[in-house]
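# Descriptive structure summary
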Amino acid sequence: MKEKKFNFETLCVQGGYNPKPGEPRILPIIQSTTYQYEDADHVAALFDLKEEGHMYSRISNPTVAAFEEKIALLEGGIGAVAVSSGQSATALAILNICTNGDHILASSTLYGGTFTLISSTLKKFGIEVTFVNPDLSKEEILKYAKENTKLVFGESIGNPGLNILDFDKFSQIAKTIKVPFIVDNTLITPYLLKPIELGANIVVHSATKYLDGHASSVGGVIIDGGNFDWTGGKFDELVLPDPTYNGISYVEKFKNLAYITKLRVQLLRDLGNCLSPFNSFLFNLGVETLHLRMERHSENALKLATFLEKHKNVKWVNYPYLKNSKTYDNAQKYLKKGASGILTFGIKGGINNAKSFIKNLKLTSLVVHVADTRTSVLHPASTTHRQLSEKDQLNAGVTPDLIRVSVGIESIDDIIKDFDNALKNI
Ligand SMILES: *Cc1c(COP(=O)(O)O)cnc(C)c1O
């Protein structure tokens, strides 16, 4: 199969693993830590990165590799590394090019876990960050760039404001200061939008969400666009000899695969946040229906958003495809096939009615998760954000009346009926 010639839907089903006659039809789970070799020279060649092959499942594994290849094809990248969680994916994507004394320019509307990773844990490593309001102009944001800025980071859809990132603006900012543009594409997925086509250089995913799609496994992926020139002077670690691999230069030896190769052979080797073959098998299975699920998630979410807008017990609704959404213009520009399955709305009567509404739901469940097949809700003010003061909650965009909905792929009639009943009975 010459994958690049095939359409997205075909790659979802058949990308990554191409069985020959007599081989298993479904991706085999190679549950092995280790691989056998011909002779000592063969092993030496692998250890010196002179030959490609599997050495040890902390660094690579055939089942994991098939999943990595599929995701790289779907995102339009040239290579990918799968890891143990979305948090690991973001951490490794950053640590591959940032060290003590470096600086990150990031959008302020990030997933909570990414926010604390960058602002707290990476800060302890000596990496500084400036969070910028993504609505500022290019010129205003560029004022926050520094000599030691090593990357620009954003999410294709913000949390919990559901703002669609202005890809043109952010990619131009990164180009102007000659650093890579890294995008978390978890909640939009490559079915709806491919960041690399819009100027991103590196994409990260929490595979735990729509790629898995069924709430079965935690995992993450880093995808390399292969479209950034690392030799500009800021990224010595990719250019200068690596003493831990006999002095190879990643850029010289691996060309446009330098970033993703270094991430695998240095960071997975040393930090060890590898993905298990079994979880890779489940992710691969999930992605076989990604195109169908995203189509239905988006369709159902728009229908539910439109229904809620007209409901007498609902104060406001936010969904990128609604005309009154602040992000409507970016959504029209960048999202041609749908706006994914996440929406938020405010219930009249505040926090008590919000709690009562959730209690009244029968089909819809209360979970601290999004992006699986079942419809679910979350009331951030009384759960995920309950430790914050009311002022900090408001700064994070969490109002007492806000309900976040992850719209599933059940019958939209049943979903609407469930919401209608629960709203009527508050
Ligand atoms: C869930 C999530 C993450 C973190 O992923 P885990 O797999 O839970 O570690 C990162 N970014 C976004 C946008 C997410 O939704």
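So, here's what we can say about the structure. Everything numeric here is computed off the predicted structure, so don't read it as measured data. (Residues numbered from 1 in each chain as written. Predicted model: local features only at pLDDT ≥ 70, side-chain atom pairs only at ≥ 80, totals over all residues. Heavy atoms only, no water.)

### Some words on the overall build of the protein chain
Note the following rule: Helix numbers and strand numbers start at the N terminus; a helix is a DSSP run of H or I with at least 4 residues, a strand a run of E with at least 2. Radius of gyration means the value over C-alpha atoms here, while the globule rule gives 2.2 Å times the residue count to the 0.38 power. Categorising residues by exposure relies on relative accessible area from a 1.4 Å probe, with only protein chains included: less than 20% of the type maximum marks a residue as buried, more than 50% marks it as exposed, and the intermediate range marks it as partly exposed. Should any heavy atoms of two residues lie within 4.5 Å, those residues are counted as being in contact. His residues and chain termini do not enter the charge count, which takes Lys and Arg as positive and Asp and Glu as negative. In plain terms, the charge of a residue is placed at NZ if it is Lys, CZ if Arg, CG if Asp and CD if Glu.
Within the protein chain, the regular secondary structure consists of 17 helices and twelve strands. Relative to the compact-globule value of 22 Å for 426 residues, the protein chain shows a C-alpha radius of gyration of 22 Å, a close match. When its C-alpha atoms are laid out on the principal axes, the protein chain stretches across 75 × 55 × 40 Å. Counting only residues that meet the buried cut, the protein chain has 54% of its 426 residues in that class. Partitioning the intrachain contacts of the protein chain with sequence separation of at least 6 by distance along the chain shows that 71% fall at a separation of at least 24. In the protein chain, 46 side chains carry a positive charge and 45 a negative one; their mean positions are 7 Å apart.

### Examining the pattern of salt bridges
Charged atoms that come close allow side chains of opposite charge to pair. How we decide: The term salt bridge refers to a pairing of a side-chain nitrogen on Lys or Arg with a carboxyl oxygen on Asp or Glu at a separation within 4 Å.
This model, assessed by the stated rule, comprises nine salt bridges. Close ionic contact of Asp48 with Lys50 constitutes a salt bridge, the shortest N to O distance being 3.8 Å. Of the residues examined, Asp48 reaches a relative accessible area of 22% and is grouped as partly exposed. Residue class for Lys50 comes out exposed when judged on its relative accessible area of 61%. Here Asp401 and Lys315 are joined by a salt bridge, their closest N and O atoms 3.3 Å apart. Of the two residues, Asp401 sits in the loop between helix H16 (390-395) and strand S12 (402-406) while Lys315 sits in strand S8 (residues 314-318), which places them 86 residues apart along the sequence.

### A few points about helix H4 (residues 86-95)
Note the threshold: Here a polar contact means two N or O atoms within 3.5 Å. Within protein one must be a hydrogen donor candidate and the other an acceptor candidate, and residues neighboring in sequence count only if both atoms are side-chain atoms.
Burial within H4 is extensive, with nine of its ten residues counted as buried. If you check which residues of H4 are buried, you get Gly86, Ser88, Ala89, Thr90, Ala91, Leu92, Ala93, Ile94 and Leu95. Two or three places before Gln87, at the start of H4, stands the capping residue Ser85, its side-chain oxygen 3.4 Å from that residue's backbone nitrogen.

### Notes on the site of the ligand
What counts, and what does not: One heavy atom within 4 Å of a molecule or strand is enough for the residue carrying it to be called near that molecule or strand. Using the Shrake-Rupley algorithm and a 1.4 Å probe, accessible areas are obtained, with residue cover drawn only from the displayed protein chains. Under the scheme applied here, ten amino acids are nonpolar (Ala, Val, Leu, Ile, Met, Phe, Trp, Tyr, Cys and Pro), four are charged (Asp, Glu, Lys and Arg), and all others, including Gly, are polar.
The environment of the ligand is made up of Ser85, Gly86, Gln87, Tyr111, Glu155, Asp184, Thr186, Ser206, Thr208, Lys209, Val218 and Gly219. Between Gly86 and the ligand, the recorded distance is 2.9 Å, taken from a backbone N or O atom to an oxygen atom. The separation between an oxygen atom of the ligand and a polar side-chain atom of Lys209 is 2.6 Å. If the ligand stood free it would expose 380 Å²; the protein chains cover 91% of that surface. Partitioning the shell around the ligand into residue classes produces two nonpolar, seven polar and three charged.

### Digging into the nonpolar core
Definition in use: In this text, buried Ala, Val, Leu, Ile, Met, Phe, Trp, Tyr and Cys residues form a nonpolar core when linked through side-chain atoms within 4.5 Å. Domains are outlined according to an automatic or database domain assignment.
Grouped together as the largest cluster of nonpolar side chains are 116 residues, with contacts concentrated most on Ile222, Tyr259, Leu304, Leu343, Phe345, Phe357 and Phe419. When residues of this core are assigned to their parent elements, the largest contribution, seven residues, is made by helix H11 (residues 258-271). Taken together, domain 1 (8-287) and domain 2 (291-424) each give at least three residues to this core, which thus spans both. If we skip the residues at most four places from it in the chain, Phe357 touches Phe345, Ile347, Ile403, Phe419, Ala422, Leu423 and Ile426.

### Considerations on the layout of surface pockets
Definition in use: Here the term cavity refers to a set of points on a 1 Å grid, laid over the protein atoms alone, in which a 1.4 Å probe fits but cannot get out; the term pocket refers to an open set having protein on both sides within 12 Å along at least five of seven lines, with lining residues being those that place an atom within 4 Å of a point. Grid points are joined across faces, edges and corners, and a volume is the space filled by probe spheres set on the points.
Volume-wise, the second largest pocket comes out at about 840 Å³. Glu52, Ala80, Leu257, Thr261 and Arg264 are, among the 28 residues lining the second largest pocket, the residues nearest its centre. Every element with two or more residues in the lining of the second largest pocket is listed here: helix H3 (62-75), strand S1 (79-83), helix H10 (250-254) and H11. Grouping the amino acids of the lining of the second largest pocket by side-chain chemistry returns 13 nonpolar, six polar and nine charged.

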